[in-house]
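Observations on the model geometry
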Amino acid sequence: MVQYQKGPVCGVDNCRETRYYEDSGLLFCRRNGHQRHGLVITQQDEDEDFVSQGQKTRRKKDVQEKGSRIYTGTKALELFLQCYQLILRKQCWTLIHTHHLPVELEVVVKDLWELRLQLLKDRLQTTVDTEEVFSSQPQTDTEDEAKDHDAGKKWELRGRQTPSLLETLSICYLGTTILRLPISLGDFHRWATREEIPFIRAIREVPNVMKNKLPARYIAALDTQSLLHADDLRKSVIHLCLLFNYSFELVLPPLNHPLFLFRYIRDLALPLEMYRVTSRITELLSIAYSFPTLGGRQAASSFPEVRLMALLVVAVKLHHPFDHVQRYATALNDSGIMTVDWDLWCKEQKDFDKRLTSGGKLGRGNELKTQDRDVLDMTGAQMDEYLDWFERTWVPEGNQQAQKGGLPAQLLDMFPTGRLDGSSAPVVDLKGLIDADQEALDAKLKAAQGSLKTRGIVSEERAGKSKVPVRRVGSFYKRYRKEEDLPPTAKVFYEAAASLIAVSLHTLLVAVLQTEQKLLKYRKNQLKEADVADSGDESPDQAQENHKDKGMEDAGPMSAGQGEDGEEQVTGFPGLTQEDIERLGSLDIDNSDSETSRMRTDSD
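Residues numbered from 1 in each chain as written. Predicted model: local features only at pLDDT ≥ 70, side-chain atom pairs only at ≥ 80, totals over all residues. Heavy atoms only, no water.

**Looking at the confidence of the model for the chain**
The predicted model of the chain has a mean per-residue pLDDT of 78, with 74% of residues at 70 or higher. Predicted confidence is poor over residues 133-149, with pLDDT under 50, and the contacts of this stretch with residues over four places away or in other chains come to 31 contacts. Considering only residues more than four positions removed or in separate chains, one finds that residues 399-404, a stretch of pLDDT under 50, has 8 contacts. (pLDDT = per-residue confidence, 0-100. Contact = heavy atoms within 4.5 Å.)

See the structure below:
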């Protein structure tokens with residue numbers, strides 16, 4: 001009986017036979033008898049049967065359990081915190097070596113980070129992996145949270161949440177505050193958006209050996225998900241202050257307001273007299289520049305930098321209003337003898353803001369703001385600048401790193417990186433950029449100070465004899481409730497002041513209105529005390545009733561009403577004498593601003 005053995009397809013003349021029979025040591029296919037070349041059967045002695053033919057035996061390797069490449073659970077959280085700490089450390093290094101902050105900043109930031117880690121201790125000891133939602137925006141309260149948890153439980157839950165990338169800037173800012181350094185929120189906002197400190201796509205600072213083991217949600221938490229908008233950093237700092245205050249009863253030192261006030265006046269190119277006027281208003285209202293603590297909702301002016309800037313804006317509006325009304329000083333030594341030429345000031349401010357885009361440049365920090373329609377209007381130099389930034393920010397260096405990141409080399413070869421002419425992208429010189437900013441600031445300050453004008457002088461004796469009321473410094477004080485109410489020069493000033501402290505124009509408007517409300521309350525208390533002293537035996541309520549008409553008579557030509565241009569004129573506080581407030585002026589605010597006190601911005 002012929003025995004057949006199975007083999008490969010014959011293939012001769014398209015023969016599909018796979019079974020073969022042996023004849024004289026050769027193999028032929030069963031169907032057509034085609035000889036299978038290359039296969040020869042040799043006869044072996046029975047004594048040598050121990051040599052196996054057609055079979056191979058290999059030693060089996062030890063089976064190794066293949067571990068997961070991506071960490072999960074507590075191990076993933078620990079790795080994420082290590083990456084987070086690495087980014088925080090690189091930020092401190094940049095602040096110390098590039099922006100010349102003291103080396104003690106790293107120690108303070110390390111201590112604050114240790115406090116933040118203590119709030120995550122419970123999560124590091126658990127083994128349950130939970131899904132989380134990350135956001136670069138500060139955490140906000142929800143209605144369910146307000147119903148189901150009290151204040152203590154709410155902050156405990158917030159402390160257990162994984163820190164967002166924005167908190168790195170907040171921790172660094174609190175570190176500078178503890179060291180009493182005059183570094184504002186606007187500085188950190190500008191450094192982050194212009195990539196002068198690691199923040200935009202901070203995941204680039206993490207080595208691949210750590211990054212490749214992170215889950216997707218942790219990688220997204222270390223990446224920039226959206227633009228850093230105004231007020232984001234302020235809300236994050238307030239959130240961290242309240243969290244530390246609840247968890248550790250930590251009370252931060254108050255703002256070093258003398259240095260901050262000097263910086264604001266210098267950066268806004270204002271007369272130096274504004275320092276004395278603002279300091280005087282601070283004393284009159286007994287304002288403390290402390291950071292918020294737990295207890296109640298936070299108003300717009302509760303943040304110390306916003307509070308200080310609002311007082312400066314009020315002082316500027318009193319001494320250098322934005323209207324074109326002629327006002328007179330009493331003598332040459334009057335603190336209000338000089339006035340700002342706002343038209344020229346606005347021109348210098350706009351030139352200062354455009355310094356990065358001069359010469360047809362795109363401007364560092366404007367790359368993230370670029371939209372698809374902007375590409376059509378770009379010049380060749382701007383396109384090169386944008387693509388250089390995009391390659392530096394989004395494309396890994398080298399094909400090997402790109403393959404590790406999931407980009408095949410074939411795809412990169414189809415779209416080669418780098419400039420077409422073979423030239424290399426210019427190296428970013430951060431120190432040169434900082435020096436250029438300082439030179440532009442000095443030029444703006446010199447031009448603005450050189451444009452100050454002298455007011456006319458009308459003595460008190462001449463004013464008493466004049467038939468027409470003489471308008472003094474501080475009279476016809478105007479309040480702006482909405483952005484639409486701001487005249488062009490005032491809007492430029494408000495926007496410049498808001499950008500210095502990284503808040504929105506609306507937030508600054510609300511803070512200024514709240515400060516004016518405090519001035520109104522101070523004025524009412526003064527008049528009440530004066531009436532009680534004059535009335536003798538009269539009760540405070542009777543004295544206040546008797547003062548209703550008297551207050552308007554004292555205000556004289558500076559009473560509330562309509563101005564010459566039809567805008568709302570708000571006169572001031574006649575009870576605040578010139579001796580008390582150093583030419584603060586007369587300011588009488590009407591009582592129709594009750595809604596202003598209800599205008600709040602959430603601290604969370």
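**Focus on the packing of aromatic side chains**
Counted according to the given criterion, the structure contains 21 aromatic pairs. Among the aromatic residues, those joined into a ring-pair cluster are Phe-322, Trp-342, Trp-345, Tyr-480, Phe-493 and Tyr-494. When the ring centre of Tyr-71 is taken as origin, the NZ or CZ atom of Lys-75, which lies over that ring, is 4.5 Å away. When the ring centre of Trp-155 is taken as reference, the NZ or CZ atom of Arg-158 above it lies at 4.6 Å. (Phe/Tyr/Trp six-rings, centres within 6.5 Å; stacked < 30°, edge-to-face > 60°. Lys NZ or Arg CZ within 6 Å of the ring centre and 35° of its normal.)

**Overview of the pattern of salt bridges**
Applying the stated criterion across every chain yields a total of 21 salt bridges. Close ionic contact of Lys-347 with Asp-351 constitutes a salt bridge, the shortest N to O distance being 3.4 Å. Separated by 4 residues within a single helix, Lys-347 and Asp-351 lie in helix α14 (residues 342-353), roughly one turn from each other. One salt-bridge network, in which partners are shared between bridges, spans Asp-187, Arg-190, Arg-263, Arg-266 and Asp-267. (Salt bridge = Lys/Arg side-chain N within 4 Å of Asp/Glu carboxyl O. Helix = DSSP H or I, 4+ residues; strand = E, 2+ residues; numbered from the N terminus.)

**Things to note about the packing of helix α11 (residues 257-267) against helix α12 (residues 273-285)**
Across the interface, α11 lies against α12 with an axial gap of 10 Å and an inter-helix angle of 135 degrees. Compared by their axis directions, α11 and α12 come out oblique. Here α11 runs over α12; the crossing is right-handed. Here α11 contributes Pro-258, Leu-261, Phe-262 and Ile-265 to the contact with α12, which in turn contributes Met-274, Tyr-275, Thr-278 and Ser-279. Here the contact of α11 with α12 is built from residues that sort into 6 nonpolar, 2 polar and no charged. (Axes fitted to C-alpha atoms, helices over the stretch in contact; angles between N-to-C directions. Parallel < 35°, antiparallel > 145°, perpendicular 65-115°, else oblique. Left-handed = near helix turned anticlockwise from the far one by under 90°. Nonpolar A, V, L, I, M, F, W, Y, C, P; charged D, E, K, R; others polar.)

**Describing the environment of Thr-507**
Looking at where Thr-507 falls in the secondary structure, it is placed in helix α22 (residues 505-535). The class of Thr-507 is buried, set by a relative accessible area of 2%. (Buried < 20%, exposed > 50% of the residue type's maximum accessible area, 1.4 Å probe, protein only.)

**Quick look at the packing of α14 against helix α19 (residues 430-450)**
Interaxial distance between α14 and α19 falls to 10 Å at its minimum, and their mutual angle equals 175 degrees. One finds that α14 runs roughly antiparallel with respect to α19. For the pair α14 and α19, contact is made by Leu-344, Trp-345, Glu-348, Gln-349 and Phe-352 and by Asp-437, Ala-440, Leu-441, Lys-444, Ala-447 and Ala-448, respectively. Looking at the contact of α14 with α19, its residues break down into 7 nonpolar, 1 polar and 3 charged.

**Considerations on α11**
Considered for burial, the residues of α11 that qualify are Phe-260, Leu-261, Arg-263, Tyr-264, Ile-265 and Asp-267. Here the buried face of α11 lies against α7 (185-193), α12, α13 (304-319), α19 and α21 (488-500). Among the residues trailing α11, Ala-269 stands out with phi positive, at a value near 55 degrees.

**A few points about the environment of Ala-331**
Tracing the chain through its elements places Ala-331 in the loop between β5 (328-329) and β6 (338-339). By relative accessible area, Ala-331 is classed as partly exposed at 26%. In this structure, the C-alpha to C-alpha distance between Ala-331 and Glu-460, residues 129 residues apart in sequence, is 9.2 Å.

**Observations regarding a negative patch on the surface**
On the surface, a cluster of negative charge is contributed by Asp-353, Glu-483, Glu-484, Asp-485 and Glu-495. Tracing the chain through its elements places Glu-495 in helix α21. Taking relative accessible area as the criterion, Glu-495 reaches 39% and is therefore assigned partly exposed. (Patch = residues over 30% accessible without salt bridge, like charges linked within 9 Å, V, L, I, M, F, W, Y side chains within 5 Å. Areas by Shrake-Rupley, 256 points an atom, 1.4 Å probe, with all protein chains shown as cover. Lys, Arg positive; Asp, Glu negative; His and termini not counted. Charge placed at Lys NZ, Arg CZ, Asp CG, Glu CD.)

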